[in-house]
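Structural features, examined
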Amino acid sequence: MADNQQQNKQCKQQQNQPAQDINEMVKVRLDKMKAFADRGVAPFGHRYEVTDYAIPLKEEFAGLEGEDESDREVSLAGRLMAIRGHGKASFCTLNDRTGDIQVYFKLDVLGEEKYKEEFKRLDIGDIIGLKGRVFKTHRGEITVRVEDFTLLAKSLRPLPEKFHGLKDVDIRYRQRYLDLIMNNDVRETFRKRTKILQAIRQYLDERDYLEVETPVLSTIAGGAAARPFVTHHNALDIDLYLRIATELSLKRLIVGGLDRVYEMGRVFRNEGMDTKHNPEFTSIEIYQAFADYTDQMDITEGIVRSAAQKVLGTTKITYQGTEIDLDNVRRISMNDAVKEVTGKDFLSCQTVEEARAMADEIGVEYEQRHGIGGILNEAFDAKVESTLIQPTFIMHHPTEISPLAKRNEDDPRITDRFEFFINGSELANGFTELNDPIDQKQRFLDQLKQREAGDDEAHMMDEDYVTALEYGLPPTGGLGIGVDRLVMLLTDAPSIRDVLLFPTMKPID
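Every value quoted in this text rests on a predicted model; they were computed, and no experiment measured them.

1. What to know about the overall build of the chain
Within the chain, the regular secondary structure consists of 16 helices and 18 strands. Counting only C-alpha atoms and orienting by the principal axes, one finds that the chain spans roughly 90 × 55 × 50 Å. Counting across all 509 residues of the chain, residues that qualify as buried make up 51%. Within the chain, contacts between residues separated by at least 24 positions form 66% of all contacts whose residues are at least 6 apart in sequence. Surface accessibility of the chain: about 24100 Å² in total, with carbon and sulfur atoms responsible for 48%. When the 67 basic and 89 acidic side-chain charges of the chain are each reduced to a single mean position, those positions are 7 Å apart.

Written out as structure tokens, the structure reads:
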């Protein structure tokens, strides 16, 4: 009994313990591991037959009366998260993939040798399998009376303090396994993430979209305005880029006759990190032949609402204290949105000098390379984006900043493009695809000039993509959704690192 009480005390203290004390705790556990081995008990066991899980078991036997005991034997496996001893009996908390359940070890049931020589050498963090029967304590808690148990994995390091949980975010992100052990709500976040991805796929599969895979490595980084990661292929002796988008590959498939395609997967951008950005992240891009940007706005709304309904059971959610109605979506042009907030109509300008003067009046910074469209976009970023709390589609982006989008039929200065914002954050980007190869090549050339002027996020020339367009790309609507940001929204997570199992972290050294 003293051993278990000491382990509880050590567990509470270990977060603030110096390395020397941690090493002492590890030594104690190594000694216990050896004692198990000396008894012929493998400290790292083998397959164990599991018949039941914690939460379903508590639900099944919730109706037990008084201190009734079930007749059915159950078999569980999980990690010991607490050990509370009372002489010849101990109550413990076992955690499995569904949650926690109380388990009861008693000397009279296990036998004196098993109880003293094996149970007393268990530590918080050990993984065990057990068999027993379910009963309800006089306090009304569903509990498993252990009739036999098996050590499956000896934990050689003490866990962080259970009472306060693992709070240090740096440790949580760097050692996600500890975060998952200590925080059941974190496990639930990642279960929801999987359900969100499943809901997206189901929504598209039901509409006859084909899921495909495209290369991660490419000789050209295209499809987005972003700095790429560069690697080297030794056999070919060439530099390759990790993809920054899947767009150009997917549109090649539309040219080939696969009329509805999508890909969900990792993309990589060599950029800064904050609560909304990680160098590698998950996106989904969707393309549909014989459609346009209005169809893709409808698809965006459908995906978001469907995921919310399936995972949360509602389309009215709360994110970081703000109520958001996913059924109430607004659509407005970028120029009109800027005009609403600032009173400035940038598309009324005849010269870039007029646009610069407008920007100066409202305190919007810009670069000399920016034309009227670029300045309009800077005004939107500075003055409007953060105000878009309820779901809003911003449409008709300037052609200057949209090298892959089709020009608007009525005004060639803008494109049939949209971005979808919720809570001041961009969730999706889409447009009617540019399918004119002559126009596309000229825009690539314009992007090259911007690269030469110092914009290292401008597009590279992709001659093969232009060739593909010359064979004929049907009118097409395209869409990209930031999956991690959607997960953040639907799990009420304040940072993208909270929804990535292994976020990028700066090495401690």
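Still more ground to cover, so stick around.
2. Section: the confidence of the model for the chain
In low-pLDDT segments, the atomic positions of the prediction should not be examined closely. Of all residues in the chain, 95% attain a pLDDT of 70 or more, and the chain-wide mean is 93. This model gives residues 1-16 a pLDDT under 50, and the stretch forms 36 contacts once residues within four places in sequence are excluded.

3. Thoughts on helix α16 (residues 483-491)
Counting buried residues along α16, 9 of its 9 residues qualify, which places the element largely inside the surrounding structure. All of the buried residues along α16 are Val 483, Asp 484, Arg 485, Leu 486, Val 487, Met 488, Leu 489, Leu 490 and Thr 491. Positive backbone phi, at 60°, marks Asp 492, one or two positions downstream of α16.

4. A closer look at the environment of Met 297
Within the secondary structure, Met 297 is located in helix α10 (residues 293-312). For Met 297, a relative accessible area of 1% translates into the label buried. On a C-alpha basis, the gap between Met 297 and Asp 168 in space is 40 Å, while along the polypeptide they are 129 residues apart. Not counting residues up to four positions away in its chain, the partners in contact with Met 297 are Arg 331, Phe 393, Met 395 and Phe 418.

5. A word on the side chain of Thr 246
By the secondary structure assignment, Thr 246 is in the loop between β9 (238-242) and α9 (247-255). Apart from residues lying up to four places away in sequence, Thr 246 is in contact with Thr 214, Glu 263, Val 267 and Glu 285.

6. Things to note about the packing of α9 against helix α15 (residues 463-471)
The interhelical angle for the contact between α9 and α15, taken along N-to-C directions, is 25°, at an axis separation of 9 Å. Between α9 and α15, the angle falls in the class roughly parallel. You can see that α9 and α15 cross each other, and the crossing is left-handed. Note on element contacts: α15 touches α9 through Asp 464, Tyr 465, Ala 468 and Tyr 471, opposite Leu 248, Lys 251, Arg 252 and Val 255. Split by residue class, the contact of α9 with α15 holds 5 nonpolar, no polar and 3 charged.

7. Section: the pattern of salt bridges
The tally for this structure, following the rule as stated, stands at 44 salt bridges. For Asp 179, the salt bridge is made with Arg 176, and the minimal N-O distance between the two is 2.6 Å. In this pair, Asp 179 and Arg 176 both sit in helix α7 (residues 176-182), 3 residues apart, roughly one turn of the helix. Looking at Asp 179, the relative accessible area reads 0%, which means it is buried. Notably, a salt bridge pairs Asp 439 with Arg 407, separated by 3.2 Å at the nearest N-O pair.

8. Brief notes about the sheet that holds strand β7 (residues 217-218)
Strand order in the open sheet made by the 3 strands is β7-β9-β8, with antiparallel pairing throughout. The sheet terminates laterally at β7 and β8 (230-233), the two strands that pair on one side only. Where β8 and β9 come together, 4 bridges link them in antiparallel fashion. Note on β9: the bridge partner recorded for His 233 is Ile 238.

9. So, the side chain of Gln 102
Within the fold, Gln 102 resides in strand β3 (residues 99-106). Side-chain polar atoms of Gln 102 contact the side chain of Thr 143, separated by 2.9 Å. Aside from chain neighbours lying at most four places away, what touches Gln 102 is Arg 84, Phe 91, Cys 92, Thr 137, Glu 141, Ile 142, Thr 143 and Val 144.

10. Focus: the packing of helix α11 (residues 334-342) against helix α13 (residues 372-383)
Relative to each other, α11 and α13 sit at 55°, their axes nearing to 10 Å. Classified by the interaxial angle, the pair formed by α11 and α13 is oblique. Handedness of the α11/α13 crossing: left-handed. Within the contact between the two elements, α11 uses Met 334, Asn 335, Val 338, Val 341 and Thr 342 and α13 uses Leu 376, Asn 377, Ala 379, Phe 380 and Lys 383. Residue composition of the contact of α11 with α13, grouped by class: 6 nonpolar, 3 polar and 1 charged.

11. Structural notes on the sheet that holds strand β4 (residues 127-136)
In space, the 5 strands of this closed barrel follow the order β1-β2-β3-β5-β4, with mixed pairing throughout. When the angles between neighbouring strand axes are averaged without regard to direction, this sheet yields 55°.

12. Some points on the packing of aromatic side chains
All chains considered together, the criterion is met by 9 aromatic pairs. Measuring from ring centre to ring centre gives 6.0 Å for Tyr 104 and Phe 135, while their planes differ by 65°; the resulting arrangement is edge-to-face. A residue pair is termed long-range when its members are at least 10 positions apart, and Tyr 104 in strand β3 and Phe 135 in strand β4 qualify at 31 residues. Each member of the pair, Tyr 104 as well as Phe 135, is classed as buried. Every member of this aromatic cluster is reached through a ring pair, and the members are Phe 105, Tyr 115, Phe 119 and Phe 149. It is Arg 207 that lies over the ring of Tyr 203; its NZ or CZ is 3.6 Å from the centre. The cationic tip of Arg 260 hangs over the ring face of Tyr 209; the distance from NZ or CZ to the ring centre is 5.4 Å.

What counts as what
Residues numbered from 1 in each chain as written. Predicted model: local features only at pLDDT ≥ 70, side-chain atom pairs only at ≥ 80, totals over all residues. Heavy atoms only, no water. Helix = DSSP H or I, 4+ residues; strand = E, 2+ residues; numbered from the N terminus. Buried < 20%, exposed > 50% of the residue type's maximum accessible area, 1.4 Å probe, protein only. Contact = heavy atoms within 4.5 Å. Areas by Shrake-Rupley, 256 points an atom, 1.4 Å probe, with all protein chains shown as cover. Lys, Arg positive; Asp, Glu negative; His and termini not counted. Charge placed at Lys NZ, Arg CZ, Asp CG, Glu CD. pLDDT = per-residue confidence, 0-100. Axes fitted to C-alpha atoms, helices over the stretch in contact; angles between N-to-C directions. Parallel < 35°, antiparallel > 145°, perpendicular 65-115°, else oblique. Left-handed = near helix turned anticlockwise from the far one by under 90°. Nonpolar A, V, L, I, M, F, W, Y, C, P; charged D, E, K, R; others polar. Salt bridge = Lys/Arg side-chain N within 4 Å of Asp/Glu carboxyl O. Pairing = 2+ DSSP bridges. Polar contact = N/O pair within 3.5 Å; in protein donor to acceptor, adjacent residues only side chain to side chain. Phe/Tyr/Trp six-rings, centres within 6.5 Å; stacked < 30°, edge-to-face > 60°. Lys NZ or Arg CZ within 6 Å of the ring centre and 35° of its normal.

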